[in-house]
Amino acid sequence: MTKVSDHFAQMNAFGDAREPFVCVVDFTGAVGHVFPLASLPATVAIACDGRHYGVSHAQMAAAEGVAVRVSNPPAYDEYANRIACIHQAMRRGDTYLLNFTCRTPVTLHGTLESVFFHAAAPFRLLWRNRFVCFSPERFIRIAHNQIATSPMKGTVEASLPDALGTLLRNPKERAEHVMVVDLLRNDLSLVASNVRVDRFRYGHQIVAGGRHLWQTSSDIVGTLTDSWHGSIGTMLQKLLPAGSISGAPKRKTVEIIQACETYERGFYTGIFGVYDGETFDSAVMIRFLEQDGDAYFYKSGGGITIESDPRQEYEEMIGKIYVPVL
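Everything numeric in this text was worked out from a predicted model, so none of it was measured.

Colleague: I'd like a rundown of the overall build of the chain, residues and numbers included.
Modeller: Looking only at helices and strands, the chain features nine helices and 18 strands. The C-alpha radius of gyration of the chain comes to 19 Å, within 12% of the 20 Å expected for a compact globule of 326 residues. Dimensions along the principal axes, computed over C-alpha positions, put the chain at roughly 50 × 45 × 40 Å. Within the chain, residue pairs in contact and separated by at least 24 positions form 71% of the contacts whose partners lie at least 6 positions apart. When the accessible area of the chain is evaluated, it comes to approximately 13,800 Å², of which 51% is carbon and sulfur surface. Averaging the positions of the 31 positive and the 34 negative side-chain charges in the chain gives two centres separated by 2 Å.

Encoded structure:
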């Protein structure tokens, strides 16, 4: 039986007592922090689907403008070599979907705080002097004994002719989306019953810098027992790392990620969440800007399949380096 790590056990205890809390967990699930919602540290601020914690409206109104610029992108040849290694693993049958990411030096005009205040994203987390995340992607939401997730896979410029139709017809994008939906459906089955896909591969628009993109998502739901509050941490430990930013089969794919990527993800592609005593909502930590001393780094990537073209994936990875300003 897997031992429940201390931070997950703390979530269970808070949930069992119906005490609201905030949690932040890294990509592997090995490192986590849990804070009572009523006493967040001054270093932490959160926005969760319209609700704000640890930040005032006055601070938001006073925030300066912000922008990021790529200062030294990863070398394409090195990136292509990494994709070649991933494709070798796929031909061996070790993985069939892998989320590959890079750490890119950027110039930040503004502060981490100003990114948090200005970024147009439903889920935002600021850890002052460390990182800021402005994510469009929910991890799981639990309410009324129902657990739900909505993986996002596939984007296209909304300004292109028949943009959404082109995206929906793209065989590579469809195959990647199907694999992620299957993976997350299986993941939810670890903690819930009656797991089903309520809505498959629908389009919605998101803001990306000064651009608008069509994004495709699917809705997957399952049923929990009344006792789920006291098992929040245990469920998260079973579900992490998030399937949409790891791959399938998950355990072997994570091993390949750690061998192929040239840096430690840390909290990037981990999750953060808010439990209010009745519901739990959480996000995948993508769209991630990190501070390291006086330097700043943006972490981004995308899903790789056997059909992935290295040049297109490289350009997508660079293209995701932006702050979607309000």
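Colleague: Help me get a handle on the pattern of salt bridges, residues and values and all.
Modeller: Evaluation of the coordinates by the stated rule reveals 19 salt bridges. With a shortest N-O distance of 3.5 Å, R128 and E113 are connected by a salt bridge. Remark: E113 occurs in helix 4 (residues 112-118) and R128 occurs in the loop between strand 7 (123-127) and strand 8 (131-135); sequence separation between them is 15 residues. Look at R128 and you get buried, because its relative accessible area is 17%. By relative accessible area, E113 is classed as partly exposed at 23%. Salt bridges sharing common partners tie together R103, E290, D292 and K299.

Colleague: Summarise the environment of P73; cite the residues concerned and give the values.
Modeller: Along the chain, the position of P73 falls in the loop between strand 5 (67-70) and helix 3 (76-91). Exposure remark for P73: the relative accessible area of 38% places this residue in the partly exposed category.

Colleague: Could you give an account of the environment of L168, naming the residues involved and the relevant values?
Modeller: By the element assignment, L168 lies in helix 5 (residues 163-169). Once you skip the residues sitting within four places of it in the chain, L168 turns out to touch R201 and T216.

Colleague: So what's going on with the packing of helix 3 against helix 9 (residues 310-319)? Which residues, and what values?
Modeller: Remark: helix 3 packs on helix 9, axes separated minimally by 10 Å, with the N-to-C direction vectors making an angle of 115 degrees. The two elements helix 3 and helix 9 meet at a crossing, and its hand is right-handed. Of helix 9, the residues touching helix 3 (which contributes Y76, Y79, A80 and I83) are P310, R311, E313, Y314 and M317.

Colleague: Explain the environment of A80 residue by residue, including any values.
Modeller: By secondary structure assignment, the location of A80 is in helix 3. Look at A80 and you get buried, because its relative accessible area is 18%. In the structure, A80 is positioned 185 residues away from R265 in sequence and 20 Å away in space, judged by C-alpha atoms.

Colleague: Tell me about the pairing of strand 10 (residues 146-149), and name the residues and values.
Modeller: Alternating positions in strand 10 separate cleanly, I147 and T149 being buried on one face and Q146 and A148 remaining unburied on the opposite face. Relative to strand 10, strand 9 (residues 138-143) runs antiparallel, the two sharing three bridges. What sits directly across from R141, in strand 10, is A148. Hairpin connection from strand 9 to strand 10: two residues lie between these consecutive antiparallel strands, with H144 at a positive phi of about 55 degrees. With four bridges connecting them, strand 10 and strand 13 (residues 211-223) associate as antiparallel partners.

Colleague: I'd like to hear about the nonpolar core, residue by residue, with values.
Modeller: Counting 50 residues, the largest nonpolar core has F21, F100, F139, I140, I147, L236 and F280 as the members making the most contacts within it. Leaving out residues up to four positions away in the same chain, F21 has contacts with M11, F14, G15, V34, F35, P36, L37, I232, G273, V274, Y275 and F280. Membership of the second largest hydrophobic core comes to 22 residues, among which are L37, F123, W127 and F267.

Colleague: Which residues make up helix 8 (residues 250-260), and what values go with them?
Modeller: Burial in helix 8 covers these residues: K250, T253, V254, I256, I257 and C260. Down the axis, helix 8 shows its buried residues gathered within 160 degrees of arc, on one side only. Those residues of helix 8 that are exposed and aimed more than 90 degrees away from the buried face are R251 and A259. On its buried face, helix 8 is in contact with helix 3, strand 6 (97-109), helix 6 (171-188), helix 7 (232-239) and strand 14 (247-248).

Colleague: Kindly report on a nonpolar patch on the surface, identifying the contributing residues and their values.
Modeller: Where nonpolar side chains cluster on the molecular surface, the patch consists of V178, V197 and F200 and spans about 210 Å² of accessible area. Its location among the elements puts V197 in strand 12 (residues 193-208).

Conventions and cut-offs
Within each chain, residues carry numbers counting from 1 in the order of the written sequence. Local features in this predicted model are restricted to residues of pLDDT 70 or higher, and side-chain atom pairs are both shown and tallied only at a pLDDT of 80 or more, whereas totals for entire chains, interfaces and linings draw on every residue. To obtain the side-chain values, all non-hydrogen atoms of the structure were used and water was disregarded. Helix and strand definitions follow DSSP, with helices as H or I runs of at least four residues and strands as E runs of at least two, each counted in order from the N terminus. Each radius of gyration is computed over the set of C-alpha atoms, and the globule rule expresses the reference value as 2.2 Å times the number of residues to the power 0.38. In what follows, residue pairs with any heavy atoms lying within 4.5 Å of each other are defined as contacts. In this description, accessible areas are obtained by the Shrake-Rupley approach with a 1.4 Å probe, and a residue is regarded as covered only by the protein chains that are shown. In this count, Lys and Arg are taken as positive residues and Asp and Glu as negative ones, while His and the chain termini are left out. A charge is said to be at NZ when it belongs to Lys, at CZ for Arg, at CG for Asp and at CD for Glu. By definition, a salt bridge exists where a carboxyl oxygen of Asp or Glu is found within 4 Å of a side-chain nitrogen of Lys or Arg. Three exposure classes are used, based on accessible area relative to the maximum for each residue type with a 1.4 Å probe and protein chains only: buried under 20%, partly exposed in between, and exposed over 50%. Axis angles are defined between N-to-C directions and span 0 to 180 degrees, where every axis is a line fitted to C-alpha atoms and, for a helix, only to the segment in contact. Handedness of each helix crossing follows the sense of rotation of the near helix against the far helix: counterclockwise by less than a right angle gives left-handed, clockwise gives right-handed. When DSSP locates at least two bridges between a pair of strands, those strands are taken to pair. To qualify as a nonpolar core, a set must consist of buried Ala, Val, Leu, Ile, Met, Phe, Trp, Tyr and Cys residues joined through side-chain atoms within 4.5 Å. Note that the arc is defined by the directions from the helix axis to the C-beta atoms. Patches here: salt-bridge-free residues with over 30% relative accessible area, like charges joined within 9 Å, nonpolar side chains (Val, Leu, Ile, Met, Phe, Trp, Tyr) joined within 5 Å.

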